[in-house]
Protein chains: 4
Amino acid sequence: MSYRRTEAVVSRLEDNRARILRCARDLVAEGGWQSAHIATVARNAGLATGTVYRYFPSKAELYAEVLSQVSSRERDVVGAIADGDGTALAKLEGAVRAFAARALRGRRLAYALIGEPCDPEIDQARLRWREKLGQEFVRLIQDGQREGVFRACDARIAGACVVGAFMEALVGPLAPEGFDDADAAEELIDEIARNCLALVAAIPKPNTYPIRSD
Amino acid sequence: MSYRRTEAVVSRLEDNRARILRCARDLVAEGGWQSAHIATVARNAGLATGTVYRYFPSKAELYAEVLSQVSSRERDVVGAIADGDGTALAKLEGAVRAFAARALRGRRLAYALIGEPCDPEIDQARLRWREKLGQEFVRLIQDGQREGVFRACDARIAGACVVGAFMEALVGPLAPEGFDDADAAEELIDEIARNCLALVAAIPKPNTYPIRSD
Amino acid sequence: MSYRRTEAVVSRLEDNRARILRCARDLVAEGGWQSAHIATVARNAGLATGTVYRYFPSKAELYAEVLSQVSSRERDVVGAIADGDGTALAKLEGAVRAFAARALRGRRLAYALIGEPCDPEIDQARLRWREKLGQEFVRLIQDGQREGVFRACDARIAGACVVGAFMEALVGPLAPEGFDDADAAEELIDEIARNCLALVAAIPKPNTYPIRSD
Amino acid sequence: MSYRRTEAVVSRLEDNRARILRCARDLVAEGGWQSAHIATVARNAGLATGTVYRYFPSKAELYAEVLSQVSSRERDVVGAIADGDGTALAKLEGAVRAFAARALRGRRLAYALIGEPCDPEIDQARLRWREKLGQEFVRLIQDGQREGVFRACDARIAGACVVGAFMEALVGPLAPEGFDDADAAEELIDEIARNCLALVAAIPKPNTYPIRSD
DNA sequence: AATGAATGAGAATTCATTCAT
DNA sequence: AATGAATGAATTCTCATTCAT
């Protein structure tokens, strides 16, 4: 009996923790950090405000975990592609596509994760994730350079450029607004993938333009 | 005498207005929107809180102007290059370089302008600017396409990619941290420029990789 | 136990809500709307400022409820008399007396309710109440007209006159100042009632005086 | 020259003082005490804010004078009627009519003066005026009582009732809203006058109703 | 463990009044 | 005398966090 009760409690605890995380994430996904109040999380989770603090010591830590949970999922997807078979070219394209496709499904969340800072403490987690995601792309680029299909360049910077390129095209102000149309989404993803590949692809001719600077 | 008095007063007023704007900008540059409180602006400007409201009707309007001031300067630089002489290739490279060089000088500010949302009212100004900046690049890309030196692609998306690429490389978490070294900065700018050009440059071979999606 | 706990909590909540309302009302009763600050209400209620906002979403809503609470009580008294038995004459006199007697007990409050505007939002509630109170008297006058004991006249205007007459006599600057003496209060009420009845009573002789106007 | 200059200055000073008073009054007349800010008065008068303080030591004193100026004009009108020839009956009716007619022309101002308190200091002036106005009516009623055409009653209370009656009917919430129609205004004034006369007129039959009190 | 009421440190904004020029 | 910029106390409202029950 005691065993079962413990089990039940543990399970309920787990439920609560998971529910809090899920509600916190949903809140961000819907209204950005702006609407991510602890009291709202608690209410949505069917708990008292104070209870949230039994599971997370502070708002910052709660959202740091939300961030890490959501983003590690993204990173895993990208990482799996990077670790999988295929040419670096195919894998880079696949990774960009995979990320873009997922981000498009939850743009408000993607935006919050990618572009919308908030509390400085939470922000650190955001930047840490963004860095890790970037490193997956750096890795892919380095692979491609070894294969000789990618330009010789600073892979770290090129990685940042790739990440920046697809993120901006996905959630930046030049990004298309609504997507009722699945085809339009598909087309956007195609285009983004092409741009990212072009960014790193080996270029036959030398890079000798007259440069103008500020 | 009356003239000089008027002049002095105007100049003091201008001083205050300018000083408020500068302090507001500096505050954002140092601590992001988070620390951009009216009271702090006032204190730093050596004024009383209420005085700020003589010059700006609300916090949102003050920061909208900070934003517009800072960013219109950037856009002008980019726009001047776009309007100037030279091939699209040279101009795109020049624009990326110019923007990058300036952004590197004030990265925290660049970050606030580029990546850090805040009050929704202020944010509108931020996104408007970002869109305008993006459009300058879209224009450049369209020029290059007409000249035949850039790939046939959706110029709008490519523009977003270019903007995202250099911004991320400049202020994203993969961007190098400190810059005591002017050479390092120069090298980063070069690298970023190369990446952006590659992104839009005409590619000789067709784009037929096996695609993997999620 | 759970029951008692719930009960205690509810009762404490009710206490607070009621206490806030009472303190808000007392504040108005003592110093008019002028001194009706949320912070003072909270302090007097032994609560933190923010706590008031748990119970009332804004100052306007708090005072709208103060108003409605206080004044609906008054209107109910008057309304009950109007709905009760008796001649219109007796009922009108009763209503005036009842209102006057109650108002005398809390003249500053009566004044705030009757004569003292404030925040436009709160004011709406004040005017709504005042109108409803007036309508009770309009109703009474119409009854009396049907009975033939009141003059034929615009009942709405006469109602306003009756309400204005007793209010002014109660809380206006011609009203006697202090009331240590219960008899004096009684005498004032009698006198007011007589005046109000005279105002609407049927007059035997025609109303044909030479008129002088401005 | 010095003489003329002095004269001009004095005249300009007088102009300023008068203009400030007028603008202050107009402001109250348009928007009530709510919008009666010193800065607005100054701007409307074509003066600097600080200049207002050369003529009036404080906002309260400025508005006390506005009040006294406006209201002494009203009181004079009523007083002139009271001092003139005619029966008390005719004079009371005339006074009520005169006041009502003037108040109808500037209802917003009348409301502010009659019903809308503000700063406690200004309020004192308001109440002083209201008292003086009331006393004119008390005087009239006492005259009528001596003539035997008015009821024997406490003239002070009856005066308050008369004042309250016409004020409420003029600016209270039961008062009609707009007046495009001069006839409607005339009719309202007639009705108010009848009510006020009824209030004090001698009543033939005794006053013996069964009384109900709270 | 859970509750959720209470807290109170801020943050933005207003406006009568002052005072150097 | 006039100016009007500067002042800063006062006020409303928010929300992460605590803690008695």
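Residues numbered from 1 in each chain as written. Chains lettered and ligands numbered in written order. Predicted model: local features only at pLDDT ≥ 70, side-chain atom pairs only at ≥ 80, totals over all residues.

**Observations concerning the protein's contact with DNA strand E**
As a reminder of what qualifies: Near residues are defined by distance alone, with the backbone-placed C-beta atom required to lie within 6 Å of the molecule or strand. Put simply, DSSP H or I for four residues or longer makes a helix, DSSP E for two residues or longer makes a strand, and each gets a number counted from the N terminus. The classification used treats Ala, Val, Leu, Ile, Met, Phe, Trp, Tyr, Cys and Pro as nonpolar, Asp, Glu, Lys and Arg as charged, and all other residues, Gly among them, as polar.
Residues in contact with DNA strand E amount to 36 residues; listed here are only the nearest, Ala 48 and Gly 50 of chain A, Gly 50 of chain B, Gly 50 of chain C together with Gly 50 of chain D. At the level of secondary structure, the elements contributing two or more residues to the surface near DNA strand E comprise helix H1 (2-31) and helix H3 (49-55) of chain A, helix H2 (38-45) and helix H3 (49-55) of chain B, helix H1 (2-31) and helix H3 (49-55) of chain C together with helix H2 (38-44) and helix H3 (49-55) of chain D. The residue inventory of the surface near DNA strand E, partitioned by class, reads 13 nonpolar, 16 polar and 7 charged.

**Quick look at the environment of Ile 157 of chain B**
Heads up, the rule is: As a rule, residues whose C-beta atom has 12 or fewer other C-beta atoms within 10 Å are exposed, those with 20 or more are buried, and those in between are partly exposed; C-beta atoms are placed from the backbone. Here, residues touch in the contact sense if the C-beta positions derived from the backbone fall within 7 Å of one another.
Its location among the elements puts Ile 157 of chain B in helix H8 (residues 155-171). Accessibility expressed as a C-beta count within 10 Å gives 26 for Ile 157 of chain B, which makes it buried. As for Ile 157 of chain B and Gly 134 of chain B, which are separated by 23 residues in sequence, their C-alpha atoms are 9.7 Å apart. Setting aside chain neighbours within four positions, we find Ile 157 of chain B in contact with Ala 169, Leu 188, Glu 191, Ile 192 and Asn 195 of chain A.

**Observations concerning the protein's contact with DNA strand F**
Within the structure, DNA strand F sits among 35 residues, and Gly 50 of chain A, Gly 50 of chain B, Gly 50 of chain C together with Ala 48 and Gly 50 of chain D are positioned closest to it. Tallied by class, the residues present in the surface near DNA strand F amount to 12 nonpolar, 16 polar and 7 charged.

**Quick notes on helix H4 (residues 59-83) of chain D**
The following threshold applies: Given the number of residues in a helix, its expected span is that number minus one, multiplied by 1.5 Å.
Helix length check: H4 of chain D (25 residues) gives 35 Å between terminal C-alpha atoms against 36 Å at 1.5 Å per residue, within 8%. Taken together, the buried positions of H4 of chain D are Leu 62, Tyr 63, Ala 64, Val 66, Leu 67, Val 70, Glu 74, Arg 75, Val 78, Ile 81 and Ala 82 of chain D.

**Some words on the domain arrangement of chain A**
All names here are of chain A. In plain terms, the rule: Marked domain ranges trace back to an automatic or database domain assignment.
Parsing chain A into structural domains produces domain 1 (1-56) and domain 2 (59-200). With 13 residues of domain 1 at the contact, the number on the domain 2 side is 14 residues. In terms of residue count, H1 provides more of the side of domain 1 that touches domain 2 than any other element does, 7 residues in total. Partitioned by chemical class, the residues of the side of domain 1 that touches domain 2 number 10 nonpolar, 1 polar and 2 charged.

**Examining the packing of helix H8 (residues 155-171) of chain C against helix H9 (residues 182-200) of chain C**
A pair of packed helices is characterised by two quantities: the angle between their axes and the separation of those axes. All names here are of chain C. As a reminder of what qualifies: For helices, the fitted axis covers only the stretch in contact; all axes are lines through C-alpha atoms, and the angles between them, taken along N-to-C directions, range from 0 to 180 degrees. Throughout this description, any angle smaller than 35 degrees is read as roughly parallel, any larger than 145 degrees as roughly antiparallel, any in the 65 to 115 degree range as roughly perpendicular, and the remainder as oblique. Each crossing gets its handedness from the near helix: less than a right angle anticlockwise from the far helix is left-handed, clockwise is right-handed.
Contact geometry of H8 with H9 gives a least axis separation of 10 Å together with a crossing angle of 160°. Accordingly, the angle class assigned to the pair H8 and H9 is roughly antiparallel. Of the two elements, H8 crosses H9, and the hand of that crossing is right-handed. Packed against H8, whose contacting residues are Ala 158, Cys 161, Val 162, Ala 165, Phe 166 and Ala 169, the element H9 presents Ile 192, Asn 195, Cys 196, Leu 199 and Val 200 at the interface. The class makeup of the residues in the contact of H8 with H9 is 10 nonpolar, 1 polar and no charged.

**Things to note about the confidence of the model for chain A**
Residues and elements named next belong to chain A. Under the convention used in this document: Per residue, pLDDT measures the predictor's confidence, with a range of 0 to 100.
A residue-level look at chain A finds 82% of positions with pLDDT of 70 or above and a mean pLDDT of 82. Note that residues 1-6 has pLDDT below 50 and, in this model, 0 contacts with residues that lie over four places away or in other chains. Confidence drops under a pLDDT of 50 for residues 205-214, and excluding neighbours within four residues, the segment shows 20 contacts in the predicted structure.

**So, helix H8 (residues 155-171) of chain D**
The α-helix advances 3.6 residues per turn, and as a result positions three or four apart in sequence lie on the same side. For H8 of chain D, which comprises 17 residues, the first-to-last C-alpha distance of 24 Å matches the rise-based estimate of 24 Å (1.5 Å per residue) to within 8%. Across the 17 residues that make up H8 of chain D, a large majority, 16, are buried.

**Here's the deal with the environment of Ala 152 of chain A**
Summarising the element assignment, Ala 152 of chain A is placed in the loop between helix H7 (120-147) and helix H8 (155-171). Residues Ala 152 of chain A and Thr 49 of chain A, 103 residues apart in the sequence, show an inter-C-alpha distance of 54 Å.

**Regarding the environment of Phe 56 of chain C**
Residue and element names in this part refer to chain C. Mapped onto the secondary structure, Phe 56 falls in the loop between H3 and helix H4 (59-83). The spacing of Phe 56 and Ser 35 is 21 residues in sequence and 18 Å in space, taken between C-alpha atoms. In this structure Phe 56 touches Glu 61 and Leu 62, once residues within four positions along its chain are discounted.

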